[in-house]
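Here's the letter readout for the chains.
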Amino acid sequence: NHSDLHVLLRNGAFLFGWIGIFVYVAAQTGVNSFFINYAVESAGIDRGDAGRILGVCGMGLFAVGRMLGSWIMQYIRAERLLAILVAAHCTMLVVASPGRVGFTALLIVYFCESIMFPTIFALALRGLGRRTKIASSLLIMGIVGGAVAPLLMGLIADHSSMAYGFIVPLVCFFIIAAYGGFVVRRSARAKHRH
């Protein structure tokens with residue numbers, strides 16, 4: 001329905017959530033796309049070993065983070081946990097420094113980002129009532145962000161280094177941090193009104 005779409009596009013909280021999905025998928029795709037390149041170029045790790053580390057450690061940390069995050073959400077509100085985990089994404093700043101320290105920080109990113117997609121998705125749909133169906137369709141369209149980050153990261157890497165290419169996901173995570181803070185403040189205001 002045209003009027004539903006119009007209302008959603010004028011809803012700042014929903015639009016910020018859509019941007020959150022866009023930049024999250026951009027960041028995740030960028031990190032996954034260049035993990036091995038980073039390991040080889042910045043940490044001196046063999047390409048085969050880097051692939052195995054990504055498969056076991058990176059994906060293992062992602063799985064543990066998702067399960068632990070789901071459990072923690074029984075005690076901490078989703079928006080607060082999102083804000084906390086994005087703060088932990090300051091590890092992305094360390095990724096820009098080459099070597100094993102940066103590589104370890106990159107692995108920690110997998111743990112921290114694990115709950116972001118479902119959390120942002122659910123928060124963006126909060127309170128939309130009958131518009132939830134069309135809103136979720138629009139959010140799914142936000143995954144096009146995954147086409148943007150690898151391109152930008154590759155361009156930066158070609159002109160400087162792979163480590164500097166990770167500035168792109170860093171910027172994405174700062175935007176998600178701003179979204180987490182926005183939702184926390186919005187929830188606090190709503191609670192204060194009631």
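Below or above, wherever it landed, is the structure these notes cover. (Residues numbered from 1 in each chain as written. Predicted model: local features only at pLDDT ≥ 70, side-chain atom pairs only at ≥ 80, totals over all residues. Heavy atoms only, no water.)

Here the focus is the overall build of the protein chain. Along the protein chain, the regular secondary structure elements total 11 helices and zero strands. For the protein chain, the succession of helices and strands along the chain, N to C, is α-α-α-α-α-α-α-α-α-α-α. For the protein chain, whose C-alpha radius of gyration is 18 Å, the value lies close to the compact-globule estimate of 16 Å for 194 residues. When its C-alpha atoms are laid out on the principal axes, the protein chain stretches across 55 × 35 × 25 Å. By the burial criterion, 44% of the 194 residues in the protein chain qualify as buried. (Helix = DSSP H or I, 4+ residues; strand = E, 2+ residues; numbered from the N terminus. Rg over C-alpha atoms; globule rule 2.2 N^0.38 Å. Buried < 20%, exposed > 50% of the residue type's maximum accessible area, 1.4 Å probe, protein only.)

Moving on to the nonpolar core. Core analysis: the largest hydrophobic core is formed by 52 residues, its most contacted members being Y38, L82, F103, M116, I120, F166 and I176. A per-element tally of this core places helix α2 (residues 12-43) first, with 13 residues. Those residues in contact with M116 that sit more than four places away from it in its chain are Y24, L82, L85, V86, H89, F173 and I176. (Core = buried A, V, L, I, M, F, W, Y, C linked by side-chain atoms within 4.5 Å. Contact = heavy atoms within 4.5 Å.)

The largest bend in α2 amounts to roughly 50 degrees and is located at F34. For α2, the N-terminal capping position is held by N11, with its side-chain oxygen 3.0 Å away from the main-chain nitrogen of A13. In the stretch just after α2, G44 is the one whose phi turns positive, near 65 degrees. (Bend = angle between axes of the 7 residues up to and from the residue. Polar contact = N/O pair within 3.5 Å; in protein donor to acceptor, adjacent residues only side chain to side chain.)

Below, the discussion takes up the pattern of salt bridges. Close approach of charged atoms lets side chains of opposite charge pair. Per the counting criterion, the structure on display carries five salt bridges. Between R131 and D4 there is a salt bridge, with the nearest N and O atoms lying 3.1 Å from each other. In this pair, R131 sits in the loop between α7 (116-125) and α8 (132-141) while D4 sits in helix α1 (residues 2-9), placing the two residues 127 residues apart along the sequence. Looking at R131, the relative accessible area reads 22%, which means it is partly exposed. One salt-bridge network, in which partners are shared between bridges, spans D4, R130 and R131. (Salt bridge = Lys/Arg side-chain N within 4 Å of Asp/Glu carboxyl O.)

On to the packing of α2 against helix α3 (residues 47-72), then. Packing of α2 against α3 brings their axes to within 7 Å, and their N-to-C directions diverge by 145 degrees. For the pair α2 and α3, the sense of crossing is right-handed. Where α2 approaches α3, its residues Y24, Q28, N32, F35, I36, N37, A39 and V40 are matched on the opposing element by R47, A50, G51, I53, L54, M59 and F62. Counted by class, the contact of α2 with α3 contains 10 nonpolar, four polar and one charged residues. (Axes fitted to C-alpha atoms, helices over the stretch in contact; angles between N-to-C directions. Left-handed = near helix turned anticlockwise from the far one by under 90°. Nonpolar A, V, L, I, M, F, W, Y, C, P; charged D, E, K, R; others polar.)

Turning our attention to the environment of G99. Mapped onto the elements of the fold, G99 is located in the loop between α5 (91-95) and α6 (100-113). Once the C-alpha coordinates of G99 and L54 are considered, the two residues, 45 residues apart in sequence, prove to be 16 Å apart. With near-sequence residues (within four places) excluded, G99 lies in contact with Y38, S42 and A43.

Looking now at the packing of aromatic side chains. A full pass over the atoms with the stated rule returns nine aromatic pairs. Ring centres of F16 and F182 lie 5.3 Å apart, and the angle between their planes is 50 degrees; on these two criteria the pair is classed as tilted. Of this pair, F16 sits in helix α2 while F182 sits in helix α11 (residues 167-193), and the two are 166 residues apart along the sequence. Judged by centre distance (6.2 Å) and plane angle (55 degrees), the rings of Y24 and F117 are tilted. Taken together, the positions of Y24 in helix α2 and F117 in helix α7 put the pair 93 residues apart, joining distant regions of the chain. With a relative accessible area of 2%, Y24 lands in the buried category. Among the aromatic side chains, those forming a connected cluster through ring pairs are F16, Y179 and F182. (Phe/Tyr/Trp six-rings, centres within 6.5 Å; stacked < 30°, edge-to-face > 60°.)

So, to be careful, I would describe these as geometric facts and stop short of saying anything about function.
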